[in-house]
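# Residue-level structural notes
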Amino acid sequence: MRIVFIRGVDAAAFQHPSVYRSDPAHRRPPTFYPSISPKKDKEEIYDSSHRLSQNSAIISSSSIKSVLYGQSIVQGKDAANVNSETWSIEQTLAALSDKTCSTEELIRTTFDRIQTLNPKLKAFISVNPDYALAKAREVDSRRSAKLPLGPLAGVPIAVKDLYDTDFAPTTYGGLHYQHHRPSASAEAVRRLEQAGAIVVGKTNLHEYAYGTTSENPHYGTVLNPWNRAKIAGGSSGGSSAAVVAGMCTAAIGTDTGGSVRIPAALTGHVGLKPTFGLISSAGVFPLAPTLDCVGPMTKTVADAALMLDVMAGYDPKDPHSVRVPVRKYQVSAFTGTAKVGVAKHFFFDRCHASVLQVVQSALSQLEADPRFNLDEVSVAGIDRVPEHQSAIITSEAFVVHQKLFQEQPHLYGPDVRERLAGANSVKGYEYIAADAFRRQFQKNLQALFAEYDVIITPTTPLTATDVGQTKAHIRAHEVFVRGHLNRYTNPWNFSGLPAITIPCGLSAEGLPVGLQLISWKFSEQKLLTIAKAVEEVISWEAAVPDLN
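A short tour of the structure in this document, coming up. As the structure is a prediction and not an experimental result, all values here were calculated from the model.

### Here's the deal with the overall build of the protein
Looking only at helices and strands, the protein has 17 helices and 20 strands in total. Excluding contacts between residues fewer than 6 apart, the proportion of contacts in the protein whose partners are at least 24 apart in sequence is 77%. As displayed, the protein has an accessible area near 20300 Å², and 50% of this comes from carbon and sulfur atoms.

### Here's the deal with the packing of helix α12 (residues 385-407) against helix α13 (residues 414-421)
Remark: α12 packs on α13, axes separated minimally by 10 Å, with the N-to-C direction vectors making an angle of 110°. Classified by the angle between their axes, α12 and α13 sit roughly perpendicular to one another. Note on element contacts: α13 touches α12 through Arg-417, Leu-420 and Ala-421, opposite Ala-397, Phe-398, His-401 and Phe-405. Taken together, the residues of the contact of α12 with α13 sort by class into 5 nonpolar, 1 polar and 1 charged.

### Some remarks on the nonpolar core
In terms of nonpolar packing, the biggest core is built from 111 residues, with Phe-372, Leu-515 and Leu-517 touching the most fellow members. Per element, the largest residue contribution to this core is 9 residues, and it comes from α12. Residues in contact with Leu-515, not counting those within four places in the same chain, are Val-359, Ala-362, Ile-456, Thr-457, Thr-459, Ile-500, Thr-501, Ile-502, Cys-504, Val-534 and Ile-538. Among the nonpolar cores identified, the runner-up in size contains 29 residues, and Phe-111, Ile-114, Ala-158 and Ala-251 belong to it.

### Observations concerning the environment of Ala-184
By the secondary structure assignment, Ala-184 is in the loop between β5 (156-160) and α7 (187-194). Residue class for Ala-184 comes out partly exposed when judged on its relative accessible area of 42%. Leaving out residues up to four positions away in the same chain, Ala-184 has contacts with Asp-164, Thr-165 and Asp-166.

### Some thoughts on the pattern of salt bridges
A full pass over the atoms with the stated rule returns 18 salt bridges. A salt bridge links Arg-108 to Glu-104; the shortest N-O distance between them is 2.9 Å. In this pair, Arg-108 and Glu-104 both sit in helix α5 (residues 103-121), 4 residues apart, roughly one turn of the helix. Of the charged contacts, one joins Lys-230 and Asp-466 as a salt bridge, the two residues approaching to 2.6 Å between their closest N and O atoms. Note that Lys-230 is positioned in strand β10 (residues 227-231) and Asp-466 in the loop between β16 (454-458) and β17 (471-474), a separation of 236 residues in sequence. With relative accessibility at 34%, the residue Asp-466 sits in the partly exposed group. Salt bridges here are not isolated pairs; linked through shared partners, they connect Glu-187, Arg-190, Arg-191, Asp-315 and Lys-317.

### Observations regarding the packing of aromatic side chains
All chains considered together, the criterion is met by 18 aromatic pairs. Ring geometry for Tyr-208 and Phe-285: centres 5.7 Å apart, planes at 40°, overall tilted. You can see Tyr-208 sitting in the loop between β6 (198-203) and β7 (215-216) and its partner Phe-285 sitting in the loop between β12 (270-273) and β13 (293-298), a full 77 residues away along the chain. Each member of the pair, Tyr-208 as well as Phe-285, carries the same accessibility label: buried. Geometrically, the ring pair formed by Phe-437 and Phe-441 is stacked, given 6.0 Å between the ring centres and 20° between the ring planes.

### Focus on helix α14 (residues 428-449)
Spanning 22 residues, α14 covers 32 Å between terminal C-alpha atoms, matching the ideal 32 Å at 1.5 Å per step. Among the residues of α14, Ala-434, Phe-437, Arg-438, Phe-441, Leu-445, Leu-448 and Phe-449 are the ones counted as buried. Down the axis of α14, the buried side of the element spans an arc of 125°, and every buried residue falls inside it. In α14, the exposed positions angled more than 90 degrees off the buried face are occupied by Gly-428, Tyr-429, Ile-432, Lys-443 and Ala-447. Of the surrounding secondary structure, the elements contacted by the buried residues of α14 are β15 (372-377), α12, β16, α16 (490-495) and β20 (512-518).

Cut-offs and rules
Residues numbered from 1 in each chain as written. Predicted model: local features only at pLDDT ≥ 70, side-chain atom pairs only at ≥ 80, totals over all residues. Heavy atoms only, no water. Helix = DSSP H or I, 4+ residues; strand = E, 2+ residues; numbered from the N terminus. Contact = heavy atoms within 4.5 Å. Areas by Shrake-Rupley, 256 points an atom, 1.4 Å probe, with all protein chains shown as cover. Axes fitted to C-alpha atoms, helices over the stretch in contact; angles between N-to-C directions. Parallel < 35°, antiparallel > 145°, perpendicular 65-115°, else oblique. Nonpolar A, V, L, I, M, F, W, Y, C, P; charged D, E, K, R; others polar. Core = buried A, V, L, I, M, F, W, Y, C linked by side-chain atoms within 4.5 Å. Buried < 20%, exposed > 50% of the residue type's maximum accessible area, 1.4 Å probe, protein only. Salt bridge = Lys/Arg side-chain N within 4 Å of Asp/Glu carboxyl O. Phe/Tyr/Trp six-rings, centres within 6.5 Å; stacked < 30°, edge-to-face > 60°. Expected span 1.5 Å × (residues − 1). Arc of directions from axis to C-beta.

Shape is all these values report; function is a separate question.
Written as structure tokens, this is what we have:
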């Protein structure tokens with residue numbers, strides 16, 4: 001594998017909601033470079049901080065590997081003695097505070113694990129050890145000097161490579177931007193770094209986030225840590241694989257139709273899609289601007305609350321950012337009673353038996369707990385959501401990609417190119433009808449949530465499918481994997497409501513199953529508190545699968 005190192009294009013030209021800003025000064029299309037066809041052998045990850053510092057035009061994979069894997073980068077004093085792969089954010093902060101390990105030792109251990117596991121999972125597109133270790137030393141120095149530290153000081157996190165980062169290249173999972181170096185970091189990344197979190201690398205994803213499997217033809221297919229013959233889900237599959245395999249403590253992804261929650265469910269961890277507009281999407285490459293959300297991907301509900309607390313808040317750079325009163329998202333013990341609606345119609349239909357068995361067991365555990373009052377409910381209009389959601393995401397994605405698709409369609413992978421080519425089938429009146437139905441659907445949900453605190457559904461109708469599998473059978477129905485995986489998640493992007501997935505057990509095949517909780521808009525505090533109580537009842541223990 002050879003990687004060409006040349007300066008990237010101007011990130012300022014790519015502002016939400018469309019690719020090109022209307023300001024005439026920014027109408028000049030970015031400069032693109034000749035097509036490069038990387039070899040299919042993508043065993044190595046590369047050190048992004050190193051690659052940006054080179055003067056030579058081409059560096060071989062062997063020299064990249066020596067920088068990433070060399071002793072000066074990934075090995076250090078007592079690094080091997082830090083068993084941090086299962087630590088939550090809370091546990092990591094406690095270990096750093098009581099000096100179980102230093103931040104530098106923790107980060108070195110993190111890169112040791114990335115070195116070992118990334119060739120097996122393809123979770124990262126790039127890593128930046130020099131940058132991360134420098135940040136770690138800063139945290140250690142401040143701690144030694146007893147200076148104030150941010151709420152996430154020293155926590156190693158991974159960032160989906162859809163977020164701009166000014167310290168590392170940003171590919172968006174596509175070839176058009178394989179040499180792109182943004183001039184500024186996404187607002188969500190900036191806030192996490194301001195809170196002291198340390199970004200260890202950029203994670204793999206479905207190309208341009210336009211898919212649910214993270215089978216990326218350019219940077220490799222992200223594999224499921226529980227079974228490497230299976231997909232990790234998408235589009236934020238690399239972030240999920242990194243969290244579950246202990247290659248970071250937490251990560252961030254994006255969610256347009258389920259892209260945080262689907263991989264979280266298929267790999268067995270917590271994923272939160274907040275209310276639309278609660279976290280800034282500024283500096284995140286758009287897929288469908290009226291659906292896109294930024295979300296934390298963590299090992300526990302409490303960790304998701306910690307990350308939301310840091311990232312949430314109004315941002316004038318994001319036209320969809322919402323002004324809401326500043327609040328603290330801290331999960332406390334749930335001592336009240338929650339009225340829970342179990343949505344069986346649509347959500348239990350065309351759901352694989354292996355998923356239903358685990359979900360039914362989890363619901364039985366909740367029914368036995370007096371804090372939860374469960375009723376079966378129906379969501380009015382739910383059957384019409386898929387067609388209208390599809391009209392919106394297809395139309396908006398084509399607007400985002402129109403110029404790239406017209407000028408360099410050959411740089412897209414087959415599945416994304418096919419979806420963009422078919423976008424002309426959506427008529428203007430269909431988009432308008434979909435938007436009108438969205439408003440009605442929101443009214444239906446408002447009435448439902450006036451009566452119930454949360455709604456519960458399975459997160460996905462399938463467990464992780466085989467790599468390359470395009471169809472699945474659910475009883476008498478044949479379904480397409482790519483479209484069916486987001487059947488239960490996309491209604492909440494369509495409506496803009498917050499939704500969280502938590503692991504609720506393993507199927508008979510040993511694959512994780514997720515349970516999804518939804519609440520009314522800007523009710524994240526309630527949602528997180530109830531989800532934490534559900535998490536405790538189900539008693540899923542954070543586990544690192546056997547990756548030998």
